[in-house]
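# Examining the three-dimensional arrangement
Spelled out from the first residue to the last, the chains are:
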Amino acid sequence: MKIIDIIKGDRPSLSFEVFPPKTEVNFESVKKATEEIAKLDPSYMSVTYGAGGGTSAYTIAIAENLKQKGITPLAHLSCVSSTKGRVEQELSAIQSAGIENILALRGDIPQGVERSTFDYHYATELIRDIKAHGDFCIGGACYPEGHPDSPNWMKDLEYLREKVDAGCDFLVTQMFFDNDIFYNFMYRAQRAGISVPVVPGIMPVTNVKSLKRTVALSGNILPQRFYRIMDRFADNPEALKQAGIAFATEQIIDLLANGVNAVHVYSMNKPEVASAIKRNLSEIL
Ligand code: FAD
């Protein structure tokens, strides 16, 4: 099934993101965790693509397994460390696995590599190649707080519009912790002529380590309310987890109450976190 048909449906959609193992040794445990999340019957599940493409076979294997379990998979694919030939092979493998949905990404630029030698520079180029390859539903990434490489948000939106025009059916946001940032972004995106559905990505922060990593990677603005929760419960892991899940649930309820019809949760291969969120929304969804 195409994800665009799911997120445009009558009922609100709740989906989960998982990541593939880095090595064969962890394949079975990751597969098991993703199957546990699949049992929650999410609207679809996305499977990330390891930076540099080293784990691409696992992305497809996990996504294919989810499809066999009855879940619509969204396979991530990044291009900046790849070649045109390699992308062709990946697309053929995705197609052979019966996966219809791809989240097309540039990926982060590897340190110390000369960019002029790359086959791909931006996700837009990958989207054009995916469209030429076959009948996929294509998603792209967007950044309510701006992408770190962008000189300003106007340029970011100009390039985002170009990406959508190249063939993006929907967008998924980088995580954010203040919904007003998302609402402001939506206003600016619509004014920039971006009219495809935008799915907010919500990250339940359930431990201090993941909080530090998250903020370092994304440079997110954190509301005072969030800091207070983290400060108060930092030395009580179970309390912090509960508070992180409650914070994410509140964000989701506010989004749904404001007319958002599809939410994606960065569930980080944690069935218990995905399950708690699903349970918290049982009457709402
Ligand atoms: P692009 O859309 O290409 O944008 C990158 C930057 O280039 C932006 O600043 C943009 O404004 C600018 N730009 C775009 N076009 C032009 C142009 N023509 N000229 C000049 N500048 C331009 N990474 C992974 O490695 N694997 C994953 O599975 C993964 N999943 C992700 C899922 C989501 C929902 C999100 C939000 C991010 C994900 N990432 C993943 C991270 C992503 O790869 C990085 O953030 C990367 O730096 C940008 O990717 P992009 O596809 O947004 O790039």
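Above this text sits the structure in question.
In short, a report on the structure. (Residues numbered from 1 in each chain as written. Predicted model: local features only at pLDDT ≥ 70, side-chain atom pairs only at ≥ 80, totals over all residues. Heavy atoms only, no water.)

## Some details on the overall build of the protein chain
As a reminder of what qualifies: What counts as a helix is a DSSP run of H or I of at least four residues, what counts as a strand is a run of E of at least two, and both are numbered from the N terminus. Values of the radius of gyration come from C-alpha atoms, whereas the globule rule sets the reference at 2.2 Å times the count of residues to the power 0.38. Here the term buried applies to any residue with accessible area under 20% of the maximum for its type, exposed to any over 50%, and partly exposed to those in between, with areas from a 1.4 Å probe on protein chains only. Contacts are residue-level and defined by heavy atoms, with any inter-residue pair within 4.5 Å sufficient. The protein chains shown are the only cover counted for residues, whose accessible areas, like all others here, come from Shrake-Rupley with a 1.4 Å probe. The charge count treats Lys and Arg as positive and Asp and Glu as negative. His and the chain ends do not count. Note that the charge is assigned to NZ on lysines, CZ on arginines, CG on aspartates and CD on glutamates.
Within the protein chain, the regular secondary structure consists of eleven helices and nine strands. Against the compact-globule benchmark of 19 Å for 285 residues, the protein chain has a radius of gyration of 18 Å, which places it among compact chains. Dimensions of the protein chain along its principal axes, counting C-alpha atoms only, are 50 × 45 × 45 Å. By residue count, 52% of the 285 residues in the protein chain fall in the buried class. Sequence separation of at least 24 residues holds for 82% of the intrachain contacts in the protein chain that already meet a minimum separation of 6. About 13,600 Å² of surface is accessible on the protein chain, with carbon and sulfur atoms providing 50% of the total. Measuring between centres, the 30 positive side-chain charges of the protein chain sit 3 Å from its 34 negative side-chain charges.

## Looking at the sheet that holds strand E9 (residues 262–266)
Keep this limit in mind: A strand pair is defined by DSSP finding two or more bridges across the two strands. Axes here refer to lines fitted to C-alpha atoms; in helices the fit is confined to the stretch in contact. Angles between the N-to-C directions go from 0 to 180 degrees.
Spatial strand order, E7-E6-E5-E4-E3-E2-E1-E9-E8: nine strands in an open sheet with parallel pairing. At either end of the open sheet lies a strand with only one pairing partner, and these are strand E7 (198–199) and strand E8 (201–202). Of the pairings in the sheet, the one linking strand E3 (residues 73–78) to strand E4 (residues 101–105) comprises five bridges and is parallel in character. Residue pairing across strands places Leu77 opposite Ala104, the latter belonging to E4. Set on the sheet, helix H3 (residues 56–68) makes contact with strand E1 (13–18), strand E2 (45–47) and E3; between it and E2 the angle comes to about 160°.

## As for the packing of aromatic side chains
The condition that has to hold: Here the aromatic set is Phe, Tyr and Trp, taking the six-membered ring for Trp, and pairing holds for ring centres within 6.5 Å; pairs whose planes are under 30 degrees apart are stacked, those over 60 apart are edge-to-face, and all others are tilted.
For the structure shown, the criterion picks out five aromatic pairs. Taking 5.4 Å as the distance between ring centres and 10° as the angle between the ring planes, the aromatic pair formed by Phe176 and Phe182 counts as stacked. Each member of the pair, Phe176 as well as Phe182, is classed as buried. Phe182 sits in the buried class, given a relative accessible area of 3%.

## Side note on the site of the ligand
The following threshold applies: Proximity is defined per residue: any heavy atom of the residue falling within 4 Å of a molecule or strand makes that residue near it. Within 3.5 Å is the distance limit for a polar contact, defined as a pair of N or O atoms, with the added protein rule that one can donate a hydrogen and the other accept it, and that residues adjacent in sequence qualify only through two side-chain atoms. Gly counts as polar in this scheme, as do all residues outside two lists: the nonpolar Ala, Val, Leu, Ile, Met, Phe, Trp, Tyr, Cys and Pro, and the charged Asp, Glu, Lys and Arg.
With respect to spatial proximity, 24 residues lie near the ligand, and among them Tyr49, Asp108, Tyr143, Asp156 and Lys163 are the closest. Contacts to the ligand include His76, whose side-chain N or O atom sits 2.8 Å from an oxygen atom. Summarising the interface, the protein chains cover 86% of the accessible area of the ligand, which totals 980 Å² for the free molecule. Of all the elements, helix H6 (residues 153–165) adds the most residues to the shell around the ligand, at four residues. For the shell around the ligand, a count of residues per class yields eleven nonpolar, seven polar and six charged.

## A few points about the state of the cysteines
The condition that has to hold: Defined by distance alone, a disulfide is two cysteine sulfur atoms within 2.5 Å.
Under the criterion given, the structure shown has zero disulfides. Of all cysteine sulfurs in the structure, the one in Cys168 sits closest to Cys79, which takes part in no disulfide; the separation is 12 Å. Exposure remark for Cys79: the relative accessible area of 0% places this residue in the buried category. As a non-bridged cysteine, Cys137 has Cys168 as the owner of its nearest cysteine sulfur, 9.3 Å distant. When its relative accessible area of 1% is taken as the criterion, Cys137 is described as buried.

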